[in-house]
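What follows is each chain in one-letter form.
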Amino acid sequence: MPSNLNPLGALPFRFRRQRVLIVGCGDVGQRVAGQLPSRLKLLALTSSAGRVPALRAQGITPLLGNLDQPATLRRLAGLATRVVHLAPPPGDNPDWRCDPRTLALLRALRLRGLPQSLVYGSTSGVYGDCGGERVSETRPLNPHTPRSQRRVHAEAHLRLFGRASGTPVHILRIPGIYAPDREGGTPRGRLLKGTPVLRREDDVYTSHIHADDLARACLAALWRGKPQRVTHACDDTELLMGDYFDLAADLYQLPRPPRLARDSAKEQLPLMLLSFMSESRRLDNWRLKNELRMVLRYPTVAQGLV
């Protein structure tokens, strides 16, 4: 007989099995879902009723709700045993330094039955420009853009939530994501447009991760991640941005992109692209390979492009 001292023993099986909630179920979120075993219950928050049939076809139970409308999130309370939070902050919030979406999610999760673990997908942009130095997870944060400042705000509140509630929260700081089957997941589009890159003396180091490996990192952190810790989700490559695009051009048998001095780039390239070209860092991924004990497949960046 179920015991009153063990509430889970008194619940039907469908409530006793692990329930994973994916918040922000885009490309990476769907890859996370695709790598989870069928014995788990998969849930995904979506603000679009039009996505419901597609999510159900993937074996995911869709939950209609909007992170920009906190009242619609109350049903999330006590629903999931583990949460993967991949939703980006809004870009049009009046307070450009804050992430109200993460705050709304945490308020809903606090209402009842806290999750056993939570993983958040942040960005390596929280470090700002590091002058090409090698960066560990303990480096002080120095965000240079509103986009990365909002991520710092989200990280701080997630860590506070973890310490206050006892829920293990693990933060993955993510660089550029690539995959041939991901929209915009290869440099081919930029190469076809002939978008310039910086000349070598002005160039910056960038880090990358394959979308499938990022999904595996999310799952490893969800079950193996140490509480209130940060891990770099990146591969072993160390390439200057221009060298990365030269390599891709050679693989696609396309012309290599033209090179520009930084001063000229400011006049010819959009601000968003310039922001990526103004930060240089090489992420250390020791924790990803050792603390999470992952067997990453990363053959080479070249094999991931084709």
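Participant: In this structure, what is going on with the side chain of Ser-122? I would like to understand it.
Facilitator: In this fold, Ser-122 is placed in strand β5 (residues 117-123). The residues contacting Ser-122, other than those within four sequence positions of it, are Arg-151, Glu-155, Ile-171, Leu-172, Arg-173 and Ile-174.

Participant: Explain the nonpolar core here, please?
Facilitator: One recurring pattern in soluble globular proteins is that nonpolar side chains are buried together. By size, the foremost hydrophobic cluster in this structure holds 29 residues, and its most contacted members are Val-20, Val-32, Leu-36, Ile-60, Leu-172, Leu-214 and Cys-218. Elements with a contribution of two residues or more to this core: β1 (19-23), α2 (27-35), β2 (41-46), β7 (169-174) and α7 (211-224). A per-element tally of this core places α7 first, with 8 residues. Setting aside residues no more than four positions away along its own chain, Val-20 makes contact with Leu-36, Leu-40, Lys-41, Leu-42, Leu-43, Arg-82, Val-84, Leu-222 and Trp-223. Among the nonpolar cores identified, the runner-up in size contains 24 residues, and Leu-63, Ala-104, Leu-118 and Val-230 belong to it.

Participant: I would appreciate a short explanation of the packing of aromatic side chains in the present structure.
Facilitator: Centre distance and the angle of the planes are the two values used to describe a pair of aromatic rings. A full pass over the atoms with the stated rule returns 1 aromatic pair. With a centroid separation of 5.6 Å and 90° between ring planes, the pair formed by Tyr-244 and Phe-245 is classed as edge-to-face. The aromatic ring of Tyr-252 is capped on one face by Arg-188, whose charged end is 5.3 Å from the ring centroid.

Participant: Which parts of the structure should I look at to understand the packing of α2 against α7?
Facilitator: One way to put it is that α2 packs onto α7 with a least axis distance of 8 Å and a crossing angle of 65°. Both α2 and α7 take part in a crossing whose hand is right-handed. Here α2 contributes Asp-27, Val-28, Arg-31, Val-32 and Gln-35 to the contact with α7, which in turn contributes Ala-211, Asp-212, Leu-214, Ala-215, Arg-216, Cys-218 and Leu-219. Along the lines of polarity and charge, the residues of the contact of α2 with α7 split into 7 nonpolar, 1 polar and 4 charged.

Participant: Would you explain the packing of helix α4 (residues 100-110) against helix α5 (residues 146-165) in this entry?
Facilitator: Between two packed helices, both the angle of their axes relative to each other and the distance between the axes serve to describe the pair. As a packed pair, α4 and α5 sit with axes 10 Å apart at the nearest point and diverge in direction by 15°. With respect to their mutual orientation, α4 and α5 come out roughly parallel. The two elements α4 and α5 cross, and the hand of that crossing is right-handed. From α4, Thr-102, Leu-103, Leu-106, Leu-109 and Arg-110 reach across to α5, where they touch His-153, Ala-154, His-157, Leu-158 and Phe-161.

Participant: Just to check I follow, could you spell out the environment of Pro-257 for this structure?
Facilitator: Assignment of secondary structure puts Pro-257 in the loop between α8 (241-252) and β14 (259-260). Each C-alpha atom, one on Pro-257 and one on Leu-191, is 6.4 Å from the other, the two residues being 66 residues apart in sequence. Not counting residues up to four positions away in its chain, the partners in contact with Pro-257 are Leu-191, Thr-195, Val-197, Phe-245, Asp-246 and Ala-249.

Participant: Would you mind showing me how to read α8 here?
Facilitator: Between its first and last C-alpha atoms α8 spans 17 Å; for 12 residues at 1.5 Å apiece the expected length is 16 Å, and the two agree. Those residues of α8 not exposed but buried are Met-241, Gly-242, Tyr-244, Phe-245, Asp-246, Ala-248, Ala-249 and Tyr-252. After α8 finishes, the residue Gln-253 shows a positive phi value of roughly 55°.

About the cut-offs
- Residues numbered from 1 in each chain as written.
- Predicted model: local features only at pLDDT ≥ 70, side-chain atom pairs only at ≥ 80, totals over all residues.
- Heavy atoms only, no water.
- Helix = DSSP H or I, 4+ residues; strand = E, 2+ residues; numbered from the N terminus.
- Contact = heavy atoms within 4.5 Å.
- Core = buried A, V, L, I, M, F, W, Y, C linked by side-chain atoms within 4.5 Å.
- Buried < 20%, exposed > 50% of the residue type's maximum accessible area, 1.4 Å probe, protein only.
- Phe/Tyr/Trp six-rings, centres within 6.5 Å; stacked < 30°, edge-to-face > 60°.
- Lys NZ or Arg CZ within 6 Å of the ring centre and 35° of its normal.
- Axes fitted to C-alpha atoms, helices over the stretch in contact; angles between N-to-C directions.
- Left-handed = near helix turned anticlockwise from the far one by under 90°.
- Nonpolar A, V, L, I, M, F, W, Y, C, P; charged D, E, K, R; others polar.
- Parallel < 35°, antiparallel > 145°, perpendicular 65-115°, else oblique.
- Expected span 1.5 Å × (residues − 1).

It is worth stressing that arrangement in space is one thing and function is another; only the former is reported here.
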